[in-house]
Amino acid sequence: MSEQKGLLERLRRGLRRTQEAFLGPLEDLLGSPRMDSGLLEELEELLITADIGVITSERILEKLRRDLGRKELSDPRRLRDYLREEIASLLGQVASREPPYPTRPWVVLFLGVNGCGKTTTIGKIAWRHRQEGKKVLLAAADTFRAAAIEQLQIWGKKAGADVVSHRPGADPSAVIFDALKAAKARQMDLLLIDTAGRLHTKRNLMEELRKVKRVIGREATEAPHEVLLVLDATMGSNSLTQAREFHQALGVTGLVLAKLDGTAKGGALIGIVDELKIPVKYLGIGEKLDDLEEFEPESFAEALLIP
Amino acid sequence: MFASLSSKLEQVFKKLRGHGRLSESNIAEALREVRLALLEADVHFLVVKSFLERVKERAVGRDVLSSLTPGQQVIKVVHEELTALMGAKAVQLSLASVPPTAIMLVGLHGSGKTTTAGKLAWLFQREGRRPLLVAADPYRPAAVDQLQALGERLQVEVHHDGTSAVEVCQNALARLRREGFDVLLADTAGRFHIDQELMEELRVIKGLLHPTEVLLVADAMTGQDAVKSASAFDAALGLTGVILTKLDGDARGGAALSIKAVTGKPIKFIGVGEKLDALEVFHPERMASRILGMGDVLTLVERMEAAIGRERAAEVEQKLREATFTLEDFKAELRQIKKMGPLDQIFSLIPGVSRLQGLPGVELEGRGLVQMEAIIDSMTVKERRNPGIIDGSRRRRIAQGSGTTVAEVNRLLKQFHQIERLMKQFLKGGKAMKMGKGMPPFPNI
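Source: prediction; values computed, not measured. (Residues numbered from 1 in each chain as written. Chains lettered and ligands numbered in written order. Predicted model: local features only at pLDDT ≥ 70, side-chain atom pairs only at ≥ 80, totals over all residues. Heavy atoms only, no water.)

1. Notes on the overall build of chain B
Thinking step 1. Helices and strands together make up the secondary structure of chain B, namely 21 helices and 8 strands.
Thinking step 2. Burial analysis of chain B (445 residues in total) assigns 56% to the buried set.
Thinking step 3. Sequence-distant contacts, at least 24 apart, represent 75% of the contacts inside chain B between residues at least 6 apart.
Thinking step 4. As displayed, chain B offers around 18,700 Å² of accessible surface, 51% of which is attributable to carbon and sulfur atoms. (Helix = DSSP H or I, 4+ residues; strand = E, 2+ residues; numbered from the N terminus. Buried < 20%, exposed > 50% of the residue type's maximum accessible area, 1.4 Å probe, protein only. Contact = heavy atoms within 4.5 Å. Areas by Shrake-Rupley, 256 points an atom, 1.4 Å probe, with all protein chains shown as cover.)

2. Quick notes on the domain arrangement of chain B
Residue and element names in this part refer to chain B.
Thinking step 1. In terms of domains, chain B is made up of domain 1 (3-85), domain 2 (101-291) and domain 3 (297-434).
Thinking step 2. Computed from C-alpha atoms alone, the centre-to-centre distance between domain 1 and domain 2 is 35 Å.
Thinking step 3. Here domain 1 and domain 2 share an interface that buries about 1,500 Å² over both sides, 58% of which is from carbon and sulfur atoms.
Thinking step 4. The largest contributions to the domain 1 side of the interface with domain 2 come from Asp42, His44 and Leu85, which together make up 31% of the buried area.
Thinking step 5. One can count 0 salt bridges joining domain 1 with domain 2.
Thinking step 6. On the surface where domain 1 and domain 2 come into contact, there are 6 residue pairs in polar contact (both at pLDDT 80 or more).
Thinking step 7. Of the residues contributing to the side of domain 1 that touches domain 2, the split by class is 9 nonpolar, 5 polar and 2 charged. (Domains from an automatic or database assignment. Buried area = accessible area lost by both parts, 1.4 Å probe. Salt bridge = Lys/Arg side-chain N within 4 Å of Asp/Glu carboxyl O. Polar contact = N/O pair within 3.5 Å; in protein donor to acceptor, adjacent residues only side chain to side chain. Nonpolar A, V, L, I, M, F, W, Y, C, P; charged D, E, K, R; others polar.)

3. Focus: the packing of aromatic side chains
Thinking step 1. For the coordinates displayed, the defined rule picks out 1 aromatic pair over all chains.
Thinking step 2. Measuring from centroid to centroid gives 5.3 Å for A:Phe295 and A:Phe300, while their planes differ by 55°, and the two rings are tilted.
Thinking step 3. A:Phe295 gets classed as buried once you look at its relative accessible area, which sits at 10%.
Thinking step 4. Its relative accessible area of 0% is what places A:Phe300 among the buried residues.
Thinking step 5. One Lys or Arg, A:Lys158, reaches over the ring of A:Trp155 and ends 4.2 Å from the middle of that ring.
Thinking step 6. Above the plane of the ring of B:Phe181 lies B:Arg130, whose end atom (NZ or CZ) is 4.1 Å from the centre. (Phe/Tyr/Trp six-rings, centres within 6.5 Å; stacked < 30°, edge-to-face > 60°. Lys NZ or Arg CZ within 6 Å of the ring centre and 35° of its normal.)

4. Structural notes on the packing of helix H6 (residues 113-126) of chain B against helix H7 (residues 143-154) of chain B
Residues and elements named next belong to chain B.
Thinking step 1. Interhelical geometry of H6 versus H7 gives an angle of 25° and a closest axis separation of 10 Å. Relative to H7, H6 is oriented roughly parallel. In this structure, H6 crosses over H7, and the sense of that crossing is right-handed. Taken together, the residues of H7 that come into contact with H6 (itself represented by Thr114, Thr115, Ala117, Gly118, Ala121, Trp122 and Gln125) are Gln146, Leu147, Leu150 and Leu154.
Thinking step 2. When the residues that make up the contact of H6 with H7 are grouped by side-chain class, the tally is 6 nonpolar, 5 polar and no charged. (Axes fitted to C-alpha atoms, helices over the stretch in contact; angles between N-to-C directions. Parallel < 35°, antiparallel > 145°, perpendicular 65-115°, else oblique. Left-handed = near helix turned anticlockwise from the far one by under 90°.)

5. Quick look at helix H3 (residues 45-59) of chain B
Residues lying three or four places apart along an α-helix face the same way, a consequence of the helix completing one turn every 3.6 residues.
All names here are of chain B.
Thinking step 1. Over its 15 residues, H3 extends 20 Å from the first C-alpha to the last, a length consistent with the 21 Å expected when each residue adds 1.5 Å.
Thinking step 2. Within the sequence span of H3, burial applies to Phe45, Val47, Val48, Phe51, Leu52, Val55 and Ala59. The buried residues of H3 occupy an angular sector of 140° when projected down its axis, which confines them to one face. Turned more than 90 degrees away from the buried face of H3, the exposed residues are Glu53 and Glu57. (Expected span 1.5 Å × (residues − 1). Arc of directions from axis to C-beta.)

6. Some words on the sheet that holds strand E6 (residues 254-258) of chain A
Through backbone hydrogen bonds, the strands of a sheet pair up, either in parallel or in antiparallel fashion.
All names here are of chain A.
Thinking step 1. Across the sheet, 8 strands lie side by side as E3-E2-E4-E1-E5-E6-E7-E8; this open sheet has mixed pairing. Either end of the sheet is taken by a strand with one partner, and the two such strands are strand E3 (162-164) and strand E8 (292-294). Going from strand to strand, the sheet's axes swing by 25° on average, the running direction of each strand aside.
Thinking step 2. Pairing of strand E7 (residues 280-284) with E8, which is carried by 3 bridges, proceeds in the antiparallel orientation. (Pairing = 2+ DSSP bridges.)

Next up, the structure:
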């Protein structure tokens, strides 16, 4: 129970700036006596400022307009509860695929644009599973960015997980081939594969990822078992485009929202989950090994809306 | 670049141009759509608000409504206000009157500071200066390695000695004079602007280095948070400018349009690729033209001349004008065109291109280029000079000869026709754009 509270507390801490941006004005709005078109317009601006995006905001407001008559929303003080429920239900509509590791090794492929926080996220997830006594292997398939391999090795050391790597510039597929072999031979529970950050608009680099995925599938049945897309919470509506493109090319099975410890809002997540029906798995809320939380729609929406 | 914003705005303007006369309600409706397009592009909502107020004030004036081409006039107003929003003029880096110069790069995690430091070093090196890269990031695992790897590639010295970021800078400063470097480029650790301790560290480093430039490196894909972090960095450090990175993706332009407006600090460079030479001087007026789908002929000309030289550029132009540009020329140009950057980027510089629908992905990276050359090599001279004669059976033969498929041959032919068409359109310049008087002229090259 106390742990539960701790989690909410940390989430809130991570989201506190969102609240400042979102709740300050919301409180102002709630103070106003009646719901009118001006209020709705201001509400739209608020949602947009939280990076929820024009289209998703419009959807939420559209529903609000419809519900105005039915529910007792004529009292604007009910508005926050209403919004929290809406956002939580949008975010909670897809269940995440929880791994009790039915297959060994459980292979997870990590994707994302440059600088979104992939390598850091992998370090944290490795550590988390090491804490549960799992055997974790990391594959340094980002052979492109300068010193990406070293960065993963340092995280591996911190987390207590070995790293399979080749020289910079090597073929990522070759690294993965070796990593899969090693993971099987050493009976690893989990293989986490780091890939080079790439903008979703670069066709040839997306094609390279598809090849990487094919190599994994050829070497291990039904692998990769998870394809996690890491998103940067400071990004705006572009995250939706990123998610769309990566999903279309590779079939993303889960999302990780990194860098939620700044003033960023991560509101773009709502539109992504709603459109693509991909579950959110983790939230990154800091730079330390344990700064990773499992995602819960209720706590997220709650932390977003309750001061 | 900013394609989705461009195409939305073009739709709005197309409607405006359709009206012979404009009423206030026509304009109000158009501006509502502009508002939505800007918000969708992540432009900060306060910036959107004040921008629209200014445009509206000017657009509903008597001059506009009574002019013969009111639609054009409104577009002109939007173009001018967009330019103003982004800072009107390109701003150069300022260097110390007596070298050495110190430049500090700051920003959030993953915004691209280290890569940008490498790109700036390349730029200085090309100008014949001797830069020293300083790895003032003792926190992120392998940050120093990353800068060192870039330094090795560029053959630029990298300094990383010291136990703390401040000490590293102190030592670097001592080396700077001793070893006769012209420019010190300090790559600092990524940090959140709410991290008081780390912001204080930056203040100390600034006090130490007396930099002529404190540049914020910001990701162009940043959402509404962009202005918040930029303002916070500015308040704490006094920024001198901004470098926007990752504009080679499909960033919608929010950060580009908001940061200058809110902080008053100019965008000096934009990062347009992962390679070390992919850094461009930011020209607000050209960017406004790009956003409004009017292309950016000046940048295109610069790139073309840099890639294939003035004379060859003129030759290509001549052939295009006379419609004698053949697949042979196309093949000869392939490698040169590639030097100008990714094709989609080049296309975005050509006026009116965002209006062309269904542009297939032209892939000139790696294998794609080899494949295209193989296909052209498998054609007869006659076919190359007159692609019109390439029928089904010729296509099958060409595919077999080049080890490709008929679909791939078809794709290449389609791409050739498209490039041909684009180039023709481009050469027609301003006329094809149907832009009114007062628009920036499109020079013929």
